[in-house]
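Overview (structure and organization)
Below are the chains, spelled out letter by letter.
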Amino acid sequence: MRTERSRGNEYCSTDDRTAGQSTGRENTPAATGPADRTAIGVDLGEHTLYTACPVSMPDWKGAYAIPGDDLCARLDALRDRVAALLAGDADRETIVARVRRRRGALLEALDDAAREICDYASAYDRPVLVTEDSHYEPDLWAWLTDPNAHRGTAWLLPTAHLRLRAVAAEYGLEATTVPVAYSSQECHGCGVIGDRPLHETFRCTNPNCRVETVDADSNAAKVLAQRYYPDQRCAYRPPRSLATGERSALVADGGSPGSRRDGA
Ligand SMILES: [Zn+2]
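Described in the following lines is the structure provided in the data block. (Residues numbered from 1 in each chain as written. Predicted model: local features only at pLDDT ≥ 70, side-chain atom pairs only at ≥ 80, totals over all residues.)

**A word on the overall build of the protein**
This is how it is decided: Secondary structure elements are defined from DSSP: runs of H or I of at least 4 residues count as helices, runs of E of at least 2 residues count as strands, and each element is numbered from the N terminus. Put plainly, a residue is buried at 20 or more neighbouring C-beta atoms within 10 Å of its own, exposed at 12 or fewer, and partly exposed in between, counting only other residues' C-beta atoms, which are placed from the backbone. Placing a C-beta atom from the backbone of each residue, one calls two residues in contact when those atoms lie within 7 Å.
On a plain count of helices and strands, the protein comes out with 6 helices and 9 strands. Taken over 264 residues, the protein has a buried fraction of 42%. The long-range fraction of contacts in the protein, counting pairs at least 24 apart against all pairs at least 6 apart in sequence, stands at 75%.

This is how it looks when you write it as structure tokens:
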């Protein structure tokens, strides 16, 4: 699935919510600027919970991904179980106690995954975790009882974001956020908005770009890592502002800013 015309990719990812600031430098070790740091993007998703990659990685082989399918299945099962209990004669205390136990187990799994990411990041020189500046608040009860709730945005992704930041703090790792707009559609190699022929695949449509088809989460992670550095932040220009017809022709899909939080 991951192919490129030549070497030269990396990715980073996103996540981090409580901080919220797009240029946050909280817990920054003294006297080091972005140029001295290794930005490691962390993209969050449901199918792949965390995808991490340093901005300086020459190819995709060193990226690190942790699957999220098991957590999703457990959240689905809990929702079904709670629905059955609510429809039956279980009292509220029984239901709340069950949810509390399951939530604790889910948080333990998230913390284990976050530790893997932090272990991975710690191997790099002066690492800083870079995630998207999303502002969802986790609400497990909403996921369990609101038929219109989205599993990712209702609980899993914001919680994964919070836990990553909490675990990073335990590791003494800086974590910061960058603007998320278009990060799931922008090519990390050239900044042009590309195709998503399959949900998990990103394809660059710029014929002059080395990138062909890559893992979408990895691409998004790399874009986020790039945005940590001031001279690379928000390199993408929306299609309507492109100056030339030639560049416009390279834009295949502008997508919707921020509409794909979990896929990017
Ligand atoms: Zn490209």
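**Description of helix 1 (residues 69–87)**
What counts here: Between the first and last residue of a helix there are one fewer steps than residues, each counted as 1.5 Å, and that sum is the expected span. Arc definition: directions from the helix axis to the C-beta atoms.
The end-to-end C-alpha distance of helix 1 is 27 Å, a good match for the 27 Å that 19 residues give at a rise of 1.5 Å each. The set of residues buried in helix 1 consists of L71, L75, L78 and V82. For helix 1, the angular spread of buried residues about the axis comes to 60 degrees, placing them on one side. In helix 1, the exposed positions angled more than 90 degrees off the buried face are occupied by D69, D70, A73, D76, A77, D80, A84 and A87. As for helix 1, its buried residues are in contact with strand 3 (48–54), helix 2 (92–122), helix 3 (140–145) and helix 4 (151–171).

**Some thoughts on the environment of M57**
Looking at where M57 falls in the secondary structure, it is placed in the loop between strand 3 and strand 4 (64–67). On a C-alpha basis, the gap between M57 and K222 in space is 9.2 Å, while along the polypeptide they are 165 residues apart.

**Things to note about the packing of helix 1 against helix 2**
As a reminder of what qualifies: Convention adopted: a line fitted to C-alpha atoms gives each axis, helices being fitted over their contacting stretch, and angles between N-to-C directions are expressed from 0 to 180 degrees. Any angle between 65 and 115 degrees counts as roughly perpendicular, while under 35 counts as roughly parallel, over 145 as roughly antiparallel, and the rest as oblique. In this classification, the charged set is Asp, Glu, Lys and Arg, the nonpolar set is Ala, Val, Leu, Ile, Met, Phe, Trp, Tyr, Cys and Pro, and all remaining amino acids, among them Gly, are polar.
At their nearest, the axes of helix 1 and helix 2 sit 11 Å apart, and the two run at 180 degrees to each other. Taken together, helix 1 and helix 2 sit at an angle that is classed as roughly antiparallel. Touching L71, R74, L78, V82, L85 and L86 of helix 1 are I95, V99, R102, L106 and A109, all from helix 2. Looking at side-chain class alone, the contact of helix 1 with helix 2 contains 9 nonpolar, no polar and 2 charged residues.

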